[in-house]
Amino acid sequence: MKPHIFCLIALFFLSVLFSVSNCQDDENYRKCITPFSYGNLMHLSYPFWSDDRPEIYGHEGFKLTNCTEAQVPIITIQNEEFRVVSVNQSGSLMTIAREDYWEDICPDNFANTTLNQTLFTFSQPFPNISLFYNCNYQPPSMKQIIFPCYSRNSFYATDDILRGWGIDRPECEQRVNIPILMDDLREIWSGVEALEDVLRRGFNVVYEYHEKCQECQVTIQNQFSQIKPNITVSKAIGFTLVLKIKVF
């Protein structure tokens, strides 16, 4: 091996060991990757944090609140509260449900579902269910989707259902759009109780973050990815194993 190649390889491994050492010696880094549980959610780590876990070990926008043992925590997004039904940290995927529709489909305030696009995006594909309140319009079919709420008719539908009725905008005081899981779309047509169950199951969002807690891991992974071994075998007398290391 040529001396300068050997030197490059040696410097590379020293830099990786230095990065690993820095991460391991950083107490905040160690704590932010230490798993914790909150309510019914187990084995959580960065970017999530809670009242029992200082913000320095988490990311702004990922605080979990209002939870006791075995309950479903709450996360606040765009000043709106959501129940965190489940978290898949390996896929950066979170299932959340509207807090204002968790117990009752007749809320005090009416608002569509919005996300902080810097941190969260809707997981595609997903259908929107529309809830209509205080309507002069009455659905011509599917009476099971009408529910008692306020003084006049209230019901729910999708855009496809509305087109089937030959109407685009029913005459109603309020309309609220809520995403649901695609697999739950068929179930909601069996009645209001089914709709309430589906709304509590929530919908999927993908979350993104970039902070120190992952920077050490990314740095180490990138450094290791720069070494690409290439193993070849010569079929002459016996065989020879040759390891070629490409350094970029």
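Residue numbering note: each chain is counted from 1, following its sequence as written. Where totals are concerned, whole chains, interfaces and linings use all residues; where local detail is concerned, this predicted model gives features only for residues with pLDDT of at least 70, and gives and counts side-chain atom pairs only at 80 or more. To get the side-chain values, take all heavy atoms of the structure and skip hydrogens and water.

I would appreciate a short explanation of the side chain of S154 in the present structure.
A run of DSSP states H or I qualifies as a helix once it reaches four residues; a run of E qualifies as a strand once it reaches two. Both are numbered from the N-terminal end. Here S154 lies in strand 10 (residues 153-157). Judged by its relative accessible area of 0%, S154 is buried. Any pair of nitrogen or oxygen atoms within 3.5 Å is treated as a polar contact; in protein, a donor-acceptor pairing is required on top of that, and neighbouring residues in sequence qualify only through side-chain atoms on both sides. A polar side-chain atom of S154 sits 3.1 Å from the main-chain carbonyl oxygen of C149. Between two residues, a contact is recorded if the distance between any of their heavy atoms is within 4.5 Å. Those residues in contact with S154, other than ones at most four positions away along the chain, are F132, Y133, N134, I145, I146, F147 and C149. We call a residue buried when its accessible area falls under 20% of the maximum for its residue type, exposed when it is over 50%, and partly exposed in between, using a 1.4 Å probe and counting protein chains only.

Looking at this model, I keep getting lost on the nonpolar core. Mind explaining?
Generally speaking, nonpolar side chains in soluble globular proteins are found buried as a group. Judged by nonpolar contacts, the single largest core of 28 residues is most densely connected at I129, L131, F147, Y156 and W165. Those elements that place two or more of their residues in this core are strand 9 (128-135), strand 10, helix 3 (159-164), strand 11 (172-179) and helix 4 (192-201). It is strand 9 that contributes the most residues to this core, 5 residues altogether. Those residues within four positions of F147 in sequence are excluded, and the remaining contacts are I105, C106, L131, F132, Y133, S154, F155, Y156 and V192. Nine residue types can take part in a nonpolar core, namely buried Ala, Val, Leu, Ile, Met, Phe, Trp, Tyr and Cys, and a core is a set of them joined through side-chain atoms within 4.5 Å. Counting 21 residues, the second largest nonpolar core, distinct from the first, contains F36, W49, M94 and F203.

Would you explain the pattern of salt bridges in this entry?
Opposite charge on two side chains permits them to pair, given that their charged atoms come into close proximity. Put simply, a salt bridge is a Lys or Arg side-chain nitrogen that is within 4 Å of an Asp or Glu carboxyl oxygen. Here the structure, examined in full by the defined rule, presents 10 salt bridges. Close ionic contact of K63 with D51 constitutes a salt bridge, the shortest N to O distance being 2.9 Å. Linking K63 in strand 4 (residues 63-65) with D51 in the loop between strand 3 (49-50) and strand 4, this pair joins segments that are 12 residues apart in sequence. By relative accessible area, D51 is classed as exposed at 56%. When the shortest N-O distance is used, the salt bridge between E99 and R83 registers 2.6 Å.

Whenever I open this one, the pairing of strand 6 (residues 80-88) confuses me. Can you help?
Moving residue by residue along a regular strand, the side chains alternate between the two faces of the sheet. In the sheet, strand 5 (residues 74-77) pairs with strand 6 via 4 bridges, with the strands oriented antiparallel. Of the residues in strand 6, the one forming a bridge with I75 is F82. Connecting strand 5 to the antiparallel partner strand 6 that follows it, the hairpin turn spans 2 residues, and Q78 within it adopts a positive phi of roughly 55°. Where strand 6 lies against strand 7 (residues 93-98), 6 bridges are found, and the strand directions are antiparallel. Within strand 7, the residue paired with R83 across the bridge is A97. Here strand 6 hands over to strand 7 after 4 residues, with S92 in that stretch at a positive phi of 50°. Strand pairing is defined by DSSP finding a minimum of two bridges between the two strands.

Can you help me understand the side chain of N134 in this one?
Tracing the backbone through its elements, the reader meets N134 in strand 9. The contacts of N134, once residues within four sequence positions are left out, are C149, Y150, S151, R152, N153, S154, E171, C172 and E173.

I tried to follow the confidence of the model for the protein on my own but got confused; where do I start?
Regions with low pLDDT carry predicted coordinates that are not meant to be interpreted in detail. A residue-level look at the protein finds 71% of positions with pLDDT of 70 or above and a mean pLDDT of 78. What pLDDT reports is the predictor's confidence in each residue, on a scale of 0 through 100. Taken as a whole, residues 8-22 scores under 50 in pLDDT and shows 17 contacts with residues more than four places along the chain or in a different chain. Across residues 215-248 the pLDDT falls below 50, and counting only partners more than four positions away or on other chains, this stretch makes 46 contacts in the model.

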